[in-house]
Amino acid sequence: MKIVFFTGAGVSAESGIKTFRDSNGLWEEFKIEEVASIDGWKNDREKVLAFYNARRKQLLTVQPNKAHKEIANFQSENLQHKVVMITQNVDDLFERCGMEKIIHLHGELTKGQSSMCPTCTVDIGYNDIKIGDKHEDGSQLRPHIVWFGEAVPKMIDAYKAIDDCDIFVVIGTSLNVYPAADLLYQLDLKCKIIILDPNVNELVNIRPNIYKIAKTAVNGIDEVIKMLYEFTQEN
Ligand code: OAD
């Protein structure tokens, strides 16, 4: 069977990383257009670099939580199934649990990229990017983040990943940001959808075959894994 996880900021919230749109989320403290848009980068590079340098520094201080670990375990214990992760998150908490086949739709904090070529990336670990740091093509190094106003190159991989998907598991995303949220609307009707999010009932009821768990990622992950074993054994 093909099982695709689709995660957002909520899966890392209990590790101590703020979500974006919850009350007290990052977009209350910072203006999206200033720190996470291509126009923001053109207007004030220092401000944008400082924002992502702070996110990267914080990432070094947090740890994967039970949800990251159980999802990674599920993948390694179910090699007979194709288990893929599509995440909007730019942290590396799934990688730290040994998870493989991760599509980072919105980029990765531990990588920098050329200002001229979005797919020309370099590993930077948890180090700052400073004005004057250059990609080998000579352009200013920038965070490997897909900003508002930019294309999402990994959407092609994501659409391929959901093709023929049997179970789609959504965890901790407000489904506010497109094109990422469009994935939900492209699934086959036969695909079962599990949604784990404390605010799940506010999410649109798009079709039958949706199983909702209104809990946090850490508190609800056991239920998700149990459902996955039930669904995969039914088949
Ligand atoms: P949001 O901040 O929009 O949504 C977070 C979701 O997580 C909400 O649905 C919350 O109810 C849920 N949530 C909060 N705490 C949770 C917990 N402990 N366990 C499970 N769920 C919890 O974050 P995203 O949907 O990920 O893009 O945002 C999508 C994109 O918008 C991000 O990738 C980012 C942002 O702007 C860029 O910066 C390019």
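Above this text is the structure in question.
Residues numbered from 1 in each chain as written. Predicted model: local features only at pLDDT ≥ 70, side-chain atom pairs only at ≥ 80, totals over all residues. Heavy atoms only, no water.

S.K.: Sorry, what's going on with the overall build of the protein chain here?
M.R.: Along the backbone of the protein chain there are eight helices and nine strands. C-alpha atoms of the protein chain, sized along the principal axes, occupy 55 × 35 × 30 Å. Long-range contacts, defined as pairs at least 24 residues apart, comprise 63% of the intrachain contacts of the protein chain with a sequence gap of at least 6. Distance from the positive charge centre (27 side chains) to the negative charge centre (34 side chains) of the protein chain: 1 Å. (Helix = DSSP H or I, 4+ residues; strand = E, 2+ residues; numbered from the N terminus. Contact = heavy atoms within 4.5 Å. Lys, Arg positive; Asp, Glu negative; His and termini not counted. Charge placed at Lys NZ, Arg CZ, Asp CG, Glu CD.)

S.K.: What exactly am I supposed to notice about the side chain of E70 here?
M.R.: Mapped onto the secondary structure, E70 falls in helix α6 (residues 66–77). Take E70: its relative accessible area is 19%, and that puts it in the buried class. Those residues in contact with E70 that sit more than four places away from it in its chain are I221, D222 and I225. (Buried < 20%, exposed > 50% of the residue type's maximum accessible area, 1.4 Å probe, protein only.)

S.K.: Would you mind going over the sheet that holds strand β6 (residues 141–145) with me for this structure?
M.R.: Where strands meet in a sheet, backbone hydrogen bonds hold them as pairs that are either parallel or antiparallel. Reading across the sheet, the three strands line up as β5-β4-β6 and stay open at both edges, with antiparallel pairing between neighbours. Two strands in the sheet have a free side with no partner beyond their single neighbour: β5 (121–123) and β6. The sheet shows a mean angle of 45° between the axes of neighbouring strands, direction not considered. Against the sheet, helix α5 (residues 45–59) contacts β4 (107–114) and β6, and its axis sits at roughly 140° relative to β4. (Pairing = 2+ DSSP bridges. Axes fitted to C-alpha atoms, helices over the stretch in contact; angles between N-to-C directions.)

S.K.: Before we go on, may I ask you to explain the site of the ligand in this structure?
M.R.: Near the ligand there are 23 residues, and of these R21, T173, S174, D197 and N199 occur at the shortest range. Between a nitrogen atom of the ligand and a main-chain N or O atom of G10, the distance comes to 3.2 Å. S174 is positioned with one of its side-chain polar atoms (N or O) 2.5 Å from an oxygen atom of the ligand. Compared with its free state, where it exposes 790 Å², the ligand has 94% of that area covered by protein. Classifying every residue of the shell around the ligand by side-chain character gives nine nonpolar, ten polar and four charged. (Near = heavy atom within 4 Å. Polar contact = N/O pair within 3.5 Å; in protein donor to acceptor, adjacent residues only side chain to side chain. Areas by Shrake-Rupley, 256 points an atom, 1.4 Å probe, with all protein chains shown as cover. Nonpolar A, V, L, I, M, F, W, Y, C, P; charged D, E, K, R; others polar.)

S.K.: I'm lost on the state of the cysteines in this one. Help?
M.R.: Simply put, disulfide is the name for a covalent bond between the sulfur atoms of two cysteines. By the definition in use, this model includes one disulfide. Each disulfide pairs two cysteine sulfurs, and for C117 the partner residue is C120, the sulfurs being separated by 2.0 Å. With the S-S dihedral at roughly 75°, the linkage between C117 and C120 falls on the right-handed side. For C117, a relative accessible area of 17% gives the class buried. When its relative accessible area of 26% is taken as the criterion, C120 is described as partly exposed. A disulfide-free cysteine, C191 has its sulfur positioned 3.9 Å from the sulfur of C165, the nearest such atom. (Disulfide = S-S within 2.5 Å.)

S.K.: Help me understand the environment of V35, please; the structure alone is not making it clear to me.
M.R.: Locating V35 in the fold gives a position in helix α3 (residues 32–35). The residues contacting V35, other than those within four sequence positions of it, are W27, F30, K47, V48, F51, Y52 and W147.

S.K.: How should helix α7 (residues 155–162) be read in this particular structure?
M.R.: Given 3.6 residues per turn, any residue in an α-helix points the same way as the ones three and four places further on. Buried within α7 we find M155, A158, A161 and I162. Each buried residue of α7 sits inside an arc of 115° when the element is viewed along its axis, so together they form one side. α7 presents I156 and K160 as exposed residues on the side facing more than 90 degrees away from its buried surface. Each element contacted by the buried residues of α7 is listed here: β1 (2–7), β2 (82–87), β3 (102–104) and β7 (167–171). (Arc of directions from axis to C-beta.)

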